[in-house]
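So the chains spell out like this:
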Amino acid sequence: MTAAAARPAGVGAAPIAALGQDGRMRWEIPDGLRWTERTPLGRAWLAELPDRLAECEARWELTAVGPPFAYAFASLAVPAELPDGTRAVLKLQYPDDDSVHEATALAHWAGRGAIRLLAHDADRRALLVERCDPGVPLHTLAADAALDAAVDLLPRLAVPAGPPFTPLAEEAAGWAERMPANWRRTNRPYERRLLDAALGLLAELAPDQGEQVLVNQDLHAGNVLAAGREPWLVIDPKPLVGEREFAVVPLVRGAELGHSPAAVRHRLDRLSTELGLDRARVRGWAIGQTLAWSIGGDQVFTGNVETARWLLDEC
């Protein structure tokens, strides 16, 4: 690890590392990554980060490596500069399946509506990407202004795609397989009717989709940042190949633009209407994915349960 990586952090951010009294490097991680400390895989990943960061700094000759971005949940993301002064972000991914093809998706979009991929090290699960300046998230706008921006942005991301991206139908089959066991393991945290409805919708929607395009199953309003090259750019994609109706689901379910029955209904109606989508299919996918993502490990995300319930009951 370089001295640049170990320097004190700015206000409101945890330092990447600092020297302890014994002279050994002590790591601090953003609060968003604290969940990784609860599993053996997560602890092993954390232990490897200092070496991986130092290796990437050396490989790409990075300078001005700063403190990690506090919002990161599935990667350590730090600002850095290339030898020519280009401002970038170095991402060291947590080794989950959802982000395996993140670099491929960014390369596929080639900077159209999404951040540019500058370099990729698959073995280290490391990405060097364009930095968004000023980088404020879409949810800092009023809800309707944010939806205006999303309506402009989403069609540009819906480009034809195929392998190696996972098909939405395959992903949905995995959700359906895991959901009943997750529900029982966490002591049935929501009513059986929600589970049955979600499973039924996924079984109905998956085999009967429209044109297959690149979609992002985590395109919520915190993963779209203000930039200079374009007004708004997508970051942190979790790509799949599926129909356009699925692409708006993260914005419909996400609480960033308001968490209430009225707010969810408004997003569902506006995005479906203005993008020419089948509202019933958007609603169905939203119920299925939102409920599938309502349990992580032993944690129940009650906000997702509420949203799925509002959607099932037609908000």
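In what follows, the structure referred to is the one given above.
Attention in this report is confined to the structure presented alongside it. Remember, it's a predicted structure, so these values are computed and weren't measured experimentally.

1. Here we look at unusual backbone geometry
Then comes step 1: Residue Asp133 is joined to Pro134 through a cis peptide bond whose omega torsion reads 10°.
Then comes step 2: Its place among the elements puts Pro134 in the loop between strand 6 (126–130) and helix 4 (143–157).
Then comes step 3: For the bond running from Pro163 to Pro164, omega is 10°, close enough to zero to count as cis.
Then comes step 4: As for its placement among the helices and strands, Pro164 is situated in the loop between helix 4 and helix 5 (168–185).
Then comes step 5: Phi at Arg125 takes a positive value of approximately 50°, unusual for a residue other than glycine.
Then comes step 6: The buried category is assigned to Arg125, whose relative accessible area is 17%.

2. Describing helix 3 (residues 102–109)
Then comes step 1: Buried residues of helix 3: Glu102, Ala103, Ala105, Leu106 and Trp109, and no others. Viewed along the axis of helix 3, the buried residues span an arc of 160°, placing them on a single side of the element.
Then comes step 2: Packing partners of the buried residues in helix 3 comprise strand 4 (87–93), strand 5 (117–121), strand 6, helix 4, strand 7 (213–216) and strand 10 (239–242).
Then comes step 3: Looking at the residues trailing helix 3, positive phi occurs at Ala110, about 50°.

3. Brief notes about the pairing of strand 10
Then comes step 1: Across the two faces of strand 10 the burial is the same, with Pro239 and Val241 and Leu240 and Gly242 all buried.
Then comes step 2: When strand 7 meets strand 10, the two strands line up antiparallel, connected through four bridges. Looking at strand 10, one finds that Val215 is bridged to Leu240.

4. A short note on the packing of aromatic side chains
When we look at a pair of aromatic rings, we describe it by the centre distance and by the angle of the planes.
Then comes step 1: Going through the model one piece at a time under the given rule, you end up with six aromatic pairs.
Then comes step 2: One aromatic cluster is present, formed by Trp35, Trp45, Phe73 and Tyr94 through successive ring pairs.

5. Some words on the nonpolar core
Then comes step 1: Core analysis: the largest hydrophobic core is formed by 77 residues, its most contacted members being Val252 and Trp285.
Then comes step 2: For this core, the leading source of residues is helix 4, giving eight residues.
Then comes step 3: For Trp285, the residues in contact, after removing those within four places along its chain, are Leu168, Ala172, Leu202, Leu205, Ala206, Gln209, Glu243, Glu245, Phe246 and Val249.
Then comes step 4: Among the nonpolar cores identified, the runner-up in size contains 21 residues, and Trp60, Val78, Ala80 and Ala126 belong to it.

6. Let's talk about the pairing of strand 6
Then comes step 1: In terms of residue burial, strand 6 counts as a mostly covered element, since five of its five residues are buried.
Then comes step 2: Taken together, the five bridges between strand 4 and strand 6 define a ladder with antiparallel strand orientation. Following the sheet pairing, Ala88 is matched in strand 6 by Glu130.
Then comes step 3: Bridge analysis of strand 5 against strand 6 gives four bridges, and the strand direction is antiparallel. Looking at strand 6, one finds that Ala119 is bridged to Leu128.

7. A word on the sheet that holds strand 5
Whether parallel or antiparallel, the strands of a sheet pair through hydrogen bonds between backbone atoms.
Then comes step 1: Taking strand neighbours across the sheet as the criterion, the four strands line up as 3-4-6-5 in an open arrangement whose pairing is antiparallel. With partners counted over all chains shown, the strands left at the sheet margins are strand 3 (75–81) and strand 5, one partner each. Between one strand axis and the next, the sheet turns by 20° as a mean value, whatever way the strands run.
Then comes step 2: Sheet strands touched by helix 2 (residues 40–60): strand 3, strand 4, strand 5 and strand 6. Its angle to strand 4, the strand with the most contacts, is close to 145°.

8. Examining the environment of Leu233
Then comes step 1: Inspection of the secondary structure assignment puts Leu233 in strand 9 (residues 232–234).
Then comes step 2: The sequence separation of Leu233 and Gly113 amounts to 120 residues, and the corresponding C-alpha distance is 5.1 Å.
Then comes step 3: In this structure Leu233 touches Gly111, Gly113, Ala114, Ile115, Glu130, Cys132, Asn223, Val224, Leu225 and Ala227, once residues within four positions along its chain are discounted.

9. Re the pattern of salt bridges
Then comes step 1: According to the stated counting rule, one finds 27 salt bridges in the structure shown.
Then comes step 2: The partner of Glu191 in a salt bridge is Arg193, with the nearest N and O atoms 3.6 Å apart.
Then comes step 3: Residue classification places Arg193 among the partly exposed residues on the basis of a relative accessible area of 39%.
Then comes step 4: Salt-bridge contacts for Glu211 lead to Arg244; the nearest nitrogen and oxygen are separated by 2.7 Å. Linking Glu211 in the loop between helix 6 (192–205) and strand 7 with Arg244 in helix 7 (residues 244–247), this pair joins segments that are 33 residues apart in sequence.
Then comes step 5: A residue is classified by how much of its surface remains accessible, and Glu211, at 47% relative accessible area, is partly exposed.
Then comes step 6: Residue class for Arg244 comes out partly exposed when judged on its relative accessible area of 34%.
Then comes step 7: Through salt bridges with shared partners, a single ionic network connects Glu55, Arg59, Asp121 and Arg124.

Procedures and definitions
Residues numbered from 1 in each chain as written. Predicted model: local features only at pLDDT ≥ 70, side-chain atom pairs only at ≥ 80, totals over all residues. Heavy atoms only, no water. Helix = DSSP H or I, 4+ residues; strand = E, 2+ residues; numbered from the N terminus. Buried < 20%, exposed > 50% of the residue type's maximum accessible area, 1.4 Å probe, protein only. Arc of directions from axis to C-beta. Contact = heavy atoms within 4.5 Å. Pairing = 2+ DSSP bridges. Phe/Tyr/Trp six-rings, centres within 6.5 Å; stacked < 30°, edge-to-face > 60°. Core = buried A, V, L, I, M, F, W, Y, C linked by side-chain atoms within 4.5 Å. Axes fitted to C-alpha atoms, helices over the stretch in contact; angles between N-to-C directions. Salt bridge = Lys/Arg side-chain N within 4 Å of Asp/Glu carboxyl O.

From the geometry alone we can't say anything about function, so treat these as descriptive.
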